[in-house]
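Here is what each chain is made of, one letter per residue.
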Amino acid sequence: MSTPETSTASHASDPLRTEAASDTTAPPRDFPVQRGCPFAAPAEYDALRTDDPVARVTLPTKKEAWVVTRYDDVRELLSDPRVSADIRRPGFPALGEGEQEAGARFRPFIRTDAPEHTKYRRMLLPVFTVRRVRAMRPAVQARVDEILDGMLAAGGPVDFVSAYANAVSTSVICELLGIPRENLEFFRDVTRISGSRNSTAEEVAEALGGLFGLLAELVAERREEPQDDLISKLVTDHLATGDVTMDQLLSTLGITINAGRETTTSMIALSTLLLLERPELKEELRRDPSLVPAAVDELLRVLSVADSIPLRVAAEDIDLSGRTIPADDGVIALLAGANHDPEQFDEPERVDFHRTDNHHVAFGYGVHQCVGQHLARLELEVALETLIRRVPTLRLAGDRDDVTVKHDSATFGLEELRVTW
């Protein structure tokens, strides 16, 4: 597998380069495309960005939509009030057969528009402020140390995704909400099914139904005996007042768990793999831990695990880079395309922990920008710094080709990463 320095294909050799943006008769390309290297955007994005930055594609559902790859276009699109995130719209560019049907049924707030989206976002914002998240650092550090103690005591080799990355991200979000953490793999299984492009609507509904059943029991308990957690706060401030229904509360809690744990799990695992393959970068962080916050933002940019999460529909005709996206057409803002745009980032394939003005869009942009991004940064900082400091001998167990990559998930990441020390 290629390294970050060699993964980007040259424009001269890329067959997509021959199709100019002005050629409206060219057949749509298939989307999504797989990454040749886990530490870079798909090589095809470079050609699209140069020659067809607003490109017509065919999705796995056989629907057609548009993809946008330039940094400026992605930010413009995601901040345009004429663009809708409503999953109920017929043109919504779902990437899996069951995604739109299940989404229309359960209505995750990230797939809604204002004023509905604004209402649920404001419910969560007070918990995810910079000040509140900063106060969580000691508790997150204690939990990370506890998880790492358990992993080391069990002995290697282990699956790092399950033993550390998923354990950290799921534990933190569960403790924030007030959910017992007896079965961390349960939440991973729910996300694996609900986020897979291969899942049917029935499979997604069954997985989410199990999650909502658990949450409904906890909500009932918090009604009777509130505690110091997010579920209690939402029950007291919003459910008890009639501000939201039970179904709306369960949907909000469900997407908070799924989105909060899956992206962070992927980032911890992929970042660790990158640092194992680039020991000079790991050593740089070991020597100077003050670089960790900047390193996390650079890793967020480079890895862009939520690449195709921003799925939208044009509510009106929209012009971008010489193309018109007609009203009611689906459009996908490719975050990895934007985050590897050389017009915005010098040598975007290079991992540089000293990069300045790193205004990446790994958390999206505009009114739907990730509400939990401060917590995600904190988890990544603590998880990576602790690992580098406490397990300097960490290494792959087995062959590099045995690392299992997820290509059919809404969030890019690793299914398994065997390590030892």
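Everything below is about the structure shown above.
Notes on the structure follow. (Residues numbered from 1 in each chain as written. Predicted model: local features only at pLDDT ≥ 70, side-chain atom pairs only at ≥ 80, totals over all residues. Heavy atoms only, no water.)

Each neighbour pair has its own omega, and for F31 with P32 the value is 5°, a cis peptide bond. By the secondary structure assignment, P32 is in the loop between strand 1 (29-30) and helix 1 (44-51). P157 follows G156 through a cis peptide bond whose omega is 0°. Checked against the element boundaries, P157 lands in the loop between helix 6 (137-154) and strand 5 (158-159). Phi at D328 is positive, roughly 80°, even though this residue is not glycine. (Helix = DSSP H or I, 4+ residues; strand = E, 2+ residues; numbered from the N terminus.)

Pairing is antiparallel across the open sheet formed by three strands, whose spatial order is 5-13-10. In the strand order of this sheet, the two ends are held by strand 5 and strand 10 (395-396), each with one partner. As paired elements, strand 5 and strand 13 (residues 418-420) share two bridges and run antiparallel to each other. Bridged to D159 within strand 13 is R418. (Pairing = 2+ DSSP bridges.)

Here we come to the sheet that holds strand 9 (residues 330-333). The mixed open sheet is built from six strands, whose spatial order is 1-2-3-9-6-4. For this open sheet the edge positions go to strand 1 and strand 4 (83-84), each flanked by a neighbour on one side alone. Relative to strand 9, strand 6 (residues 311-314) is paired through three bridges, and the arrangement is antiparallel. The partner of L311 across the bridge, within strand 9, is I332. Packed on one face of the sheet, helix 2 (residues 71-78) meets strand 2 (54-58), strand 3 (64-68), strand 4, strand 6 and strand 9 and runs near 125° to strand 9. (Contact = heavy atoms within 4.5 Å. Axes fitted to C-alpha atoms, helices over the stretch in contact; angles between N-to-C directions.)

Time to look at the pairing of strand 6. Neither face of strand 6 is open: one carries L311 and V313, the other R312 and A314, and all of them are buried. Bridge count for strand 4 against strand 6 is two bridges, and the pairing is antiparallel. Each bridged residue has a counterpart across the sheet, and for S84 the counterpart in strand 6 is V313. (Buried < 20%, exposed > 50% of the residue type's maximum accessible area, 1.4 Å probe, protein only.)

With their axes 11 Å apart at the nearest point, helix 10 (residues 230-239) and helix 11 (residues 246-277) run at an angle of 150° to one another. For helix 10 against helix 11, the interelement crossing comes out right-handed. Here helix 10 contributes I231, L234, V235 and L239 to the contact with helix 11, which in turn contributes M246, L249 and L253. A breakdown of the residues in the contact of helix 10 with helix 11 according to their chemical character gives seven nonpolar, no polar and no charged. (Left-handed = near helix turned anticlockwise from the far one by under 90°. Nonpolar A, V, L, I, M, F, W, Y, C, P; charged D, E, K, R; others polar.)

Turning next to the pattern of salt bridges. Counted according to the given criterion, the structure contains 32 salt bridges. Between R107 and E116 there is a salt bridge, with the nearest N and O atoms lying 2.6 Å from each other. With a relative accessible area of 25%, E116 lands in the partly exposed category. Between E381 and R137 there is a salt bridge, with the nearest N and O atoms lying 2.6 Å from each other. One end of the pair, E381, is in helix 15 (residues 373-390); the other, R137, is in helix 6, with 244 residues separating them in the sequence. Classification of E381 as buried rests on a relative accessible area of 13%. (Salt bridge = Lys/Arg side-chain N within 4 Å of Asp/Glu carboxyl O.)

In the structure shown here, the tally under the stated rule is four aromatic pairs. Ring centres of F106 and F212 lie 5.2 Å apart, and the angle between their planes is 70°; this geometry places the pair in the edge-to-face category. Note that F106 is positioned in helix 3 (residues 99-106) and F212 in helix 9 (residues 201-224), a separation of 106 residues in sequence. Judged by its relative accessible area of 14%, F106 falls in the buried class. Ring centres of F160 and Y164 lie 5.2 Å apart, and the angle between their planes is 35°; this geometry places the pair in the tilted category. Taken together, the residues F160 and Y164, both in helix 7 (residues 160-177) and four residues apart, mark about one turn of the helix. In terms of burial, F160 and Y164 fall into one category: buried. In this structure, R301 packs its charged tip against the face of F345, placed 5.1 Å from the ring centre. (Phe/Tyr/Trp six-rings, centres within 6.5 Å; stacked < 30°, edge-to-face > 60°. Lys NZ or Arg CZ within 6 Å of the ring centre and 35° of its normal.)

Its 18 residues place the ends of helix 15 26 Å apart at the C-alpha level, agreeing with the 26 Å of an ideal helix rising 1.5 Å per residue. Counting buried positions along helix 15 yields 15 of 18 residues, so the element is predominantly enclosed. (Expected span 1.5 Å × (residues − 1).)

It is worth spelling out the packing of helix 13 (residues 292-303) against helix 15 at this point. Where helix 13 contacts helix 15, the axes come no closer than 9 Å and their chain directions differ by 110°. Judged by the inter-axis angle, helix 13 sits roughly perpendicular to helix 15. Viewed along their axes, helix 13 and helix 15 form a crossing whose handedness is right-handed. Here V292, P293, V296, D297, L299 and L300 of helix 13 come into contact with helix 15, specifically with R377, L380, E381, L384 and E385. For the contact of helix 13 with helix 15, a count of residues per class yields seven nonpolar, no polar and four charged. (Parallel < 35°, antiparallel > 145°, perpendicular 65-115°, else oblique.)

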